Every structure is written in structure tokens, then in C-alpha cells.
Amino acid sequence: MTDVPTRTQQPVPMLDFSRQFATLRQEILDSIEAVCTSQHFILGPQVTSFELAAATACAAPHAIGCASGTDAIWLALAAANIGLGDAVITTPFSFFATVSAILRCGATPLLADIDPATFNLSAPAVEKVLHSPAGSNVKAILPVHLYGQCADWDAFTALKQHHNLVLIEDAAQAFGATWNNIPAGALGDAAAFSFYPTKNLSAMGDAGLVTTTSAAIDDHARVLRAHGMRRRYYHDEIGWNSRLDSIQAAVLEVKLRYLPKWNQQRRDHAARYDQLFHAAKLTASSVTEGIVLPITDPRAGHVFHQYVIRVPRRDALRQHLADQKIGSEIYYPLPLHLQTSLTTLGYKQGDFPISEAAAHEVLALPMYPELREDEQQTVVDAIATFYA
Ligand SMILES: Cc1ncc(COP(=O)(O)O)c(C=O)c1O
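Residues numbered from 1 in each chain as written. Predicted model: local features only at pLDDT ≥ 70, side-chain atom pairs only at ≥ 80, totals over all residues. Heavy atoms only, no water.

**Topic: the confidence of the model for the protein**
Our working rule: Confidence of the predictor at the level of single residues is given by pLDDT, which spans 0 to 100. Whether two residues are in contact is decided by their heavy atoms: any pair within 4.5 Å suffices.
Chain-level statistics for the protein give a pLDDT mean of 96 and a share of 98% at 70 or above. Between residues 1-7, whose pLDDT stays under 50, and residues either more than four places distant or in other chains, the model counts one contact.

Here you go:
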């Protein structure tokens, strides 16, 4: 009699940084060593060199490194002269920083609901806000390219032209994404990127970047990230310390070279998840009937920063996966209009029903370039067992 090997299921982490580091170890250590040798730690030559490389990658004329994605949103808004008395329309279905950065520059956030297919800010919902009494103070729209898919830039460009608005991209999750083949970062008047370690282009600490098509925004953002100084110790306006450090820039420049390959691997993994779910006959067009797979607008070049499905009984499924050591995440469990710290915005439960439904149904599955096929199969098998 032959022994049948018993298959012990390996954990499938949501993200495993060590796999990427193993492939780049020497290159990254060399780049950090070069900064140590130069002893130029803040806004050094590596920052300038990364800014040029990032601007080229985004097809944007200007790129300004800064301390985080949160700061990048603030810098982009403030550099576009948005402040006290101005309103900015954005989505309630995003990371907190999207709204807190608007508050930090002194402006008022106005929220509009999302598109149910893409989870991105809905242009028709924004238009309604523009026509409401509060709409008269709106100076900018801040769509988020959520999960790595650009928001409907055709529609937002039409609104910009019709209402004479500034368009700022929250591209924190979307380095390398495109809309009609134009890269995120070159779509709006300015864009904000995050290089937080979980992002598709990630630093080894906090870091961020503003890109812009405007020479005036570029100049203003550079002044604002360094305490409003043009001349050392002469402060023309109130800026902040949001300088990018050279070690992060050096690491980012190494990783940027690999990003097109990594983004393609993410797209391949997304296509494989789609196939596996179809093969398991788990998919449906509505969450009451089964799993709704991610929907990509044909004009969008998605980079699948996250692969997010909508599922019935989401929290029980998540527990089932956790019991089998399979990682998953919820981006985001509580929409921003229902956050305790934002009650002063004056919104209430029921104001944004599409965002509220999404917050109960979305589940992000393991997704990173080094994810293996057998791990994806394990994830889908475990989900199939749950719904069996
Ligand atoms: C959509 C979005 N906006 C802004 C941010 C803020 O970026 P950071 O964490 O680098 O400050 C993030 C990242 O967490 C994000 O996902």
C-alpha cells in the first residue's frame, strides 16, 4: 500500500515583504550605503534623482518628494492655493487621510457617494453636490484611484471645465495606473502618491510624492514642504516640514525600475483569481447571489494594488479564512462620514448608501507580485468551502 501524503496547508499571508526584499537585497543595500557614504540625508541628490525618475514614469513635468502620502495630499491642495473658505469634494470610501488633508489645509470637505461598480467617487453624485447650496464654495475635486483603478477622469475633466475647478488625484494606491493610457499623476492639476510600505511602490518607511502639470504648483509645493522658505530662515508663508529623506528616495529609485513588471504580475494574479472563482462557480452579478468580482472600466489600466471582492456574510468568511491562516483585509470597514472624529462634518448614517453597503461587503484578498499560483488556489478553495 502506498502512503497518501497528507497535505498540510501553508498559511497564505495578506502580504509578504520578505519575498521582494530577497530578490533586491544587494541592490537596496548598495543604494542605502551610497547615501551613508555621501552623508547627505535630507533632500539630497538621491531625492532629486528619484523625483526625475518618478516624473518620467508618470509622464508629469514635475515631481516633488515629501514625507508621506498624507502630506502629499495636503501639499497638492495647499500648493494649488486651496484653503480657508474653500470646499473640496471627495469620497467617503477611502483612507482617512483623504479627508483629513483637506481639513489640514483649512478647507471644508464635502462628500459624494461612490460608483457601485468601481468603488470610486461617482461623477454624477459630485455634480449633485456642485448644484447644491454648499456647491458654490467648491474649488476642487479630489477623486481617489481606489485599489489601483483610476476614477472616471473623462467625467471629472468635464466637470472641471464646466465649473472651473482644480482636480487633484489621490493616487496613493495607483502608481503606474492609467486612464485612456495617460498615467495617474499626469491626469489632474496635481496628484498625491504614498509610498507607505504596503503600497505597490513602497519605501522602507514613510514617504510620499506630489506630481503636477503646473510649474506654479511645483514651485509652491517645494516651498511649502520646507517651512515656507525660499531663502534660508526667511519664512514667506506657513509651510511645514515634509522633506523626503535620501535613504527612502534611494530605495524608491531602485524599486521604481521593477514597478512595470510588478504591476503586470498583479494584473496576472487578478486574472487568475477571476478564473479560479469562475471555475469554482462562485461568481454572481449581485452580492445577494454570490461573489462579485472586481470590475474594471475599459478605459482604466488597473494596477490591482488590491484585489477586492464583494461577498455575502463577509465577516464570517473573513473569520473562516483567518482560522486557516489565510490573510484578508477590509478597506474600509467604516466610511469616513461615520468616523467619530468627523461628526462635525454634519453627515449621518444613510447619507451615502453605496459606500455604507460597500463597507459591509468588501474583502481584499492576498495580492502582491510574488504571490504564488498555489496560494491563490488555496484562497479560492477555502472560500468555496465556506459557501459549500
Ligand atoms: C487612498 C489613500 N490616501 C492617502 C493615504 C495616506 O498615505 P500615507 O500613509 O503615506 O500617509 C493612503 C495610504 O494609506 C491611501 O491609501
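**Some thoughts on the sheet that holds strand 9 (residues 208-212)**
What counts, and what does not: Two strands qualify as a pair provided that DSSP identifies no fewer than 2 bridges between them. Think of it this way: any DSSP run of H or I at least four residues long counts as a helix, any run of E at least two long counts as a strand, and we number them from the N terminus. Axes here mean lines fitted to C-alpha atoms, for a helix over just the part in contact, with angles spanning 0 to 180 degrees between N-to-C directions.
Strand order across the open sheet formed by seven strands is 1-9-8-5-4-2-3, with mixed pairing between neighbours. Edge positions in the sheet fall to strand 1 (62-66) and strand 3 (108-111), since each of these pairs with one other strand and no more. The mean angle between the axes of side-by-side strands here comes to 25°, regardless of whether they run parallel or antiparallel. Note: strand 2 (residues 87-90) against strand 4 (residues 138-142), four bridges, orientation parallel. Its bridge partner being in strand 4, Val88 is matched across the sheet by Ala140.

**Some remarks on the sheet that holds strand 6 (residues 178-179)**
The strand order across the open sheet built from three strands is 7-6-12, with neighbouring strands paired in antiparallel fashion. On the outer flanks of this sheet lie strand 7 (182-183) and strand 12 (300-301), each paired with one strand and no other. Strand direction decides the pairing type here: strand 6 and strand 12, joined by two bridges, are antiparallel. Bridge pairing in strand 12 places Trp179 opposite Ala300.

**Regarding the site of the ligand**
Note the following rule: Put simply, a residue is near a molecule or strand once any heavy atom of it comes within 4 Å of that molecule or strand. In protein, a polar contact means a hydrogen-donor-capable atom and an acceptor-capable atom, both N or O and within 3.5 Å, with residues adjacent in sequence counting only if both atoms are side-chain atoms; elsewhere, any N or O pair within 3.5 Å suffices. Values of accessible area rely on a 1.4 Å probe in the Shrake-Rupley scheme; residue burial ignores everything except the protein chains shown.
As a matter of local geometry, the ligand sits amid 16 residues, with Gly69, Thr70, Asp170, Ser194 and Lys199 nearest to it. Between the ligand and the protein, one listed contact pairs a nitrogen atom with a side-chain N or O atom of Asp170 at 2.8 Å. Ser194 has a polar side-chain atom sitting 2.7 Å from an oxygen atom of the ligand. When isolated, the ligand has an accessible area of 390 Å², and the protein chains bury 92% of it. Of all the elements in the fold, those that place two or more residues in the shell around the ligand are helix 3 (69-79) and helix 4 (97-104).

**Re the pattern of salt bridges**
Any two side chains of opposite charge can pair if their charged atoms end up close together. How we decide: We define a salt bridge as a side-chain nitrogen of Lys or Arg found within 4 Å of a carboxyl oxygen belonging to Asp or Glu.
What the rule picks out here adds up to 20 salt bridges. Residue Arg104 pairs with Asp71 through a salt bridge whose shortest N-O separation is 2.8 Å. Placement of the pair is Arg104 in helix 4 and Asp71 in helix 3, with a sequence separation of 33 residues. Its salt-bridge partner being Arg372, residue Glu375 comes within 3.7 Å of it at the nearest N-O pair.

**Re the nonpolar core**
This is how it is decided: Put simply, a nonpolar core is a bunch of buried Ala, Val, Leu, Ile, Met, Phe, Trp, Tyr and Cys residues held in one set by side-chain atoms that sit within 4.5 Å of each other. Residue exposure (1.4 Å probe, protein chains only): buried if accessible area is under 20% of the type maximum, exposed if over 50%, otherwise partly exposed. The domain limits used here are those given by an automatic or database domain assignment.
One finds Phe50, Val126, Phe156, Phe175 and Phe195 to be the most contacted residues of the largest nonpolar core, which totals 54 residues. Taken together, domain 1 (18-256) and domain 2 (259-387) each give at least three residues to this core, which thus spans both. Apart from residues lying up to four places away in sequence, Phe195 is in contact with Phe50, Phe175, Leu201, Ser202, Ala203, Gly205, Ala207, Gly208, Leu209 and Leu252.

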